[in-house]
Amino acid sequence: QNIEHIPKLTANSWQARTLYAIAACRTHLLGGHIDKCDNSSCNHVRISYNSCRNRHCPKCQGNKREEWISKRESELLNVPYYHIVFTLPAELNKVCLYEPAVIYSLLFKTAWSVIKGFASNPKFLGAETGMIAILHTWGQNLSLHPHLHCIVPGGGITPSGKWKPAKGKGKFLFPVKAMSKAFRARYVEALRKELDLPAELYKDLFAKDWVVYCKRPFFGPQQVVEYLGRYTHKVAIGNHRIKNTSDGKVVFSAKDYRKGGKKHLLTLSQQEFIRWFALHILPKAFVRIRHYGILSSVRKKSVIPLLQLALGKPKLPHKPKFVHRQCPRCRKGQMVTLFTFDARAPPR
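The structure presented is a predicted model; accordingly, all values stated were derived computationally and were not measured.

K.L.:
Can you walk me through the overall build of the chain in this structure?
P.N.:
Counting its secondary structure elements, the chain contains nine helices and 13 strands. For the C-alpha atoms alone, the extent of the chain along its principal axes is close to 70 × 55 × 40 Å. With an accessible surface of roughly 19,900 Å², the chain has 54% of that area assigned to carbon and sulfur atoms. Looking at charge distribution, the chain has the averaged site of its 58 positive side-chain charges lying 7 Å from that of its 21 negative ones.

Have a look at this one:
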C-alpha cells in the first residue's frame, strides 16, 4: 500500500531495491500491456501490469518454478532419492547479517564435502554421487534459520562406470550422527580460514550438536518432483499466509513444529515485518540452487543419459502443459499483445 512513497534507492542498497521491486510488482509503476484474444468469437481484452521478476517476490515464481522442474524431470533416475537437511546453529545468525555470502557459500561447500566424502568411502558406498542443494534462510516465524534442503540419489557411479546402490536398504543413506560431526568440524575449520571471529564463538559452536536431518527416501519419482515444486522457488513468506495489514500491523500465519505443526497467528508492526523479511534477501547474484557431482551441469550431460539407459527412466504421471498465453476466457485462442505502455498509465 502507498508504494509511491517508498523512495527510489541507490544502486548499492540491494535489500531496499528488492523491497521496492516487490512493492511495485504488477502495478502501474512498472508499466504494462494490453492483450486481446485472437479467437474471433471471443475477442477478450485484458490489461496486465508487468511483473518485477525478482526472485524474492512471491508473485513471480510460478513460471520459473515450472520451467526448472520440467528440466529436472528429464534428468531423474529410476532410483530412490533421499532428502537431507543441513542446518546452521543459531550462534552464527549474527555473522549472517554481516557476511551472508561467506556464511551461505561455506554452507553449500561443506554440505557437498560431507556428502561426497561419505559417498566415496567404501564403508558407506564407495562411489561418486550427486546432489541438488536449495538454500532457505527462514523459519516459519520469519526468523533467521539458514539451512540447506538437499536431494541425493540413493547410490552412485563406481570407477568402472557402473551404478552402485546405497547400502542403507532403503532406510537411510549415511549415518546421521557421523555426518553431523563431520559437518560441524569441516564448517568451523573453513570458517576460521575465511573470517577473523572471536575465539569464544568457536567454543560455542563446538559446545553444541549440529543438526543434519536425513528423511526416509521418497516413495517414487513423483514425490521428488512434488518436493522440488514446493521448495525450489519458495520465498520467505507467501501472500496466502498474510491475513491482515491494517492499523500499522501485519498478521500472518505460521506453523509451530514444536507442537506438531499446529498453525497460529503472529503479529508484527509493518516496519518490523519488512525488517524481518529483508533478512532473507540474498546478496546480489548469489546462487541459491546448486548442483553437484553427477548432477552438476558439467557431468550430467554425459552421465545421466547413460544411467537412464542402464536403469530405465522413471514413469511420471502426465500433466497438462501450462500455456502462458492462452486466453483465460475461452481457453481456445491465444492472447496477442496490441499495445505496451509505461508507468504513466494505460491509454484511454
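K.L.:
I'm lost on the confidence of the model for the chain in this one. Help?
P.N.:
It should be kept in mind that the predicted coordinates are not to be read in detail where pLDDT is low. With 93% of its residues at a pLDDT of 70 or more, the chain has an overall mean of 87. Across the chain, the element-wise mean pLDDT spans from 78 in helix H7 (residues 221-231) up to 97 in helix H4 (residues 100-120). Confidence drops under a pLDDT of 50 for residues 1-12, and excluding neighbours within four residues, the segment shows 16 contacts in the predicted structure.

K.L.:
Quick question: what am I supposed to make of the nonpolar core here?
P.N.:
Nonpolar side chains in soluble globular proteins tend to end up buried together. Of all hydrophobic cores here, the largest spans 49 residues; its most connected members are Phe-86, Tyr-187 and Leu-191. Mapped by element, the contributors of at least two residues to this core are strand S3 (81-87), helix H3 (93-98), H4, strand S4 (130-138), strand S5 (144-153), helix H5 (176-194), helix H6 (199-207) and strand S8 (211-214). At 12 residues, H4 tops the list of elements feeding residues into this core. Among the nonpolar cores identified, the runner-up in size contains 23 residues, and Trp-68, Leu-76, Ile-157 and Val-303 belong to it.

K.L.:
Is there a simple way to think about the sheet that holds strand S11 (residues 262-269) in this case?
P.N.:
Reading across from one edge, S9-S10-S11 is the order of the three strands in this open sheet, with antiparallel pairing throughout. The sheet is open, and its two borders are formed by strand S9 (242-244) and S11, each paired with just one other strand. If you compare each strand with its neighbour and ignore which way they point, the axes differ by 35° on average. As paired elements, strand S10 (residues 249-256) and S11 share eight bridges and run antiparallel to each other. Each residue of the ladder has a partner; that of Ser-253, found in S11, is Leu-265. Running over the sheet, helix H8 (residues 270-278) touches S9, S10 and S11 and is turned about 110° from S11.

K.L.:
Could you clarify how one ought to interpret H6 in this entry?
P.N.:
Spacing of three or four residues puts side chains on the same side of an α-helix, whose turn is 3.6 residues. For H6, the full list of buried residues reads Leu-201, Tyr-202 and Leu-205. Taken end-on, H6 shows its buried residues confined to a sector of 100°, consistent with a single buried face. In H6, the exposed positions angled more than 90 degrees off the buried face are occupied by Glu-200, Lys-203 and Ala-207. Looking at the buried residues of H6, the elements they touch are H3 and H5.

K.L.:
Sorry if this is basic, but what is going on with unusual backbone geometry here?
P.N.:
Most peptide bonds adopt trans geometry, and most residues besides glycine take a negative phi value. Although it is not a glycine, Leu-142 adopts a positive phi angle of roughly 75°. Locating Leu-142 in the fold gives a position in the loop between S4 and S5. Even without glycine at this site, Asp-247 takes up a positive phi of about 55°. Its location among the elements puts Asp-247 in the loop between S9 and S10.

K.L.:
Got a minute to help me understand the side chain of Asn-39 in this structure?
P.N.:
Secondary-structure assignment places Asn-39 in the loop between strand S1 (32-37) and strand S2 (45-49). Among the residues examined, Asn-39 registers a relative accessible area of 18% and is labelled buried. Setting aside its immediate chain neighbours within four residues, Asn-39 contacts Cys-330, Lys-332 and Gly-333.

K.L.:
For this particular structure, what's the right way to read the packing of aromatic side chains?
P.N.:
The geometry of an aromatic ring pair is captured by two quantities: the separation of the ring centres and the angle between the planes. In total, this model carries 13 aromatic pairs according to the counting rule given. Summarising the aromatic geometry, the rings of Trp-112 and Tyr-292 are spaced 5.4 Å apart at their centres and angled 20° between planes, so their arrangement reads as stacked. Note that Trp-112 is positioned in helix H4 and Tyr-292 in strand S12 (residues 289-293), a separation of 180 residues in sequence. The burial state of Trp-112 is the same as that of Tyr-292; both residues are buried. Both rings, one in Phe-218 and one in Tyr-227, keep their centres 5.5 Å apart while their planes meet at 50°; by these two values the pair is tilted. Above the ring of Tyr-202, the side-chain terminus of Arg-192 is found at 4.2 Å from the ring centroid. We note Arg-290 situated over the ring of Phe-108; from NZ or CZ to the ring centre the distance is 4.2 Å.

About the criteria used
Residues numbered from 1 in each chain as written. Predicted model: local features only at pLDDT ≥ 70, side-chain atom pairs only at ≥ 80, totals over all residues. Heavy atoms only, no water. Helix = DSSP H or I, 4+ residues; strand = E, 2+ residues; numbered from the N terminus. Areas by Shrake-Rupley, 256 points an atom, 1.4 Å probe, with all protein chains shown as cover. Lys, Arg positive; Asp, Glu negative; His and termini not counted. Charge placed at Lys NZ, Arg CZ, Asp CG, Glu CD. pLDDT = per-residue confidence, 0-100. Contact = heavy atoms within 4.5 Å. Core = buried A, V, L, I, M, F, W, Y, C linked by side-chain atoms within 4.5 Å. Buried < 20%, exposed > 50% of the residue type's maximum accessible area, 1.4 Å probe, protein only. Pairing = 2+ DSSP bridges. Axes fitted to C-alpha atoms, helices over the stretch in contact; angles between N-to-C directions. Arc of directions from axis to C-beta. Phe/Tyr/Trp six-rings, centres within 6.5 Å; stacked < 30°, edge-to-face > 60°. Lys NZ or Arg CZ within 6 Å of the ring centre and 35° of its normal.

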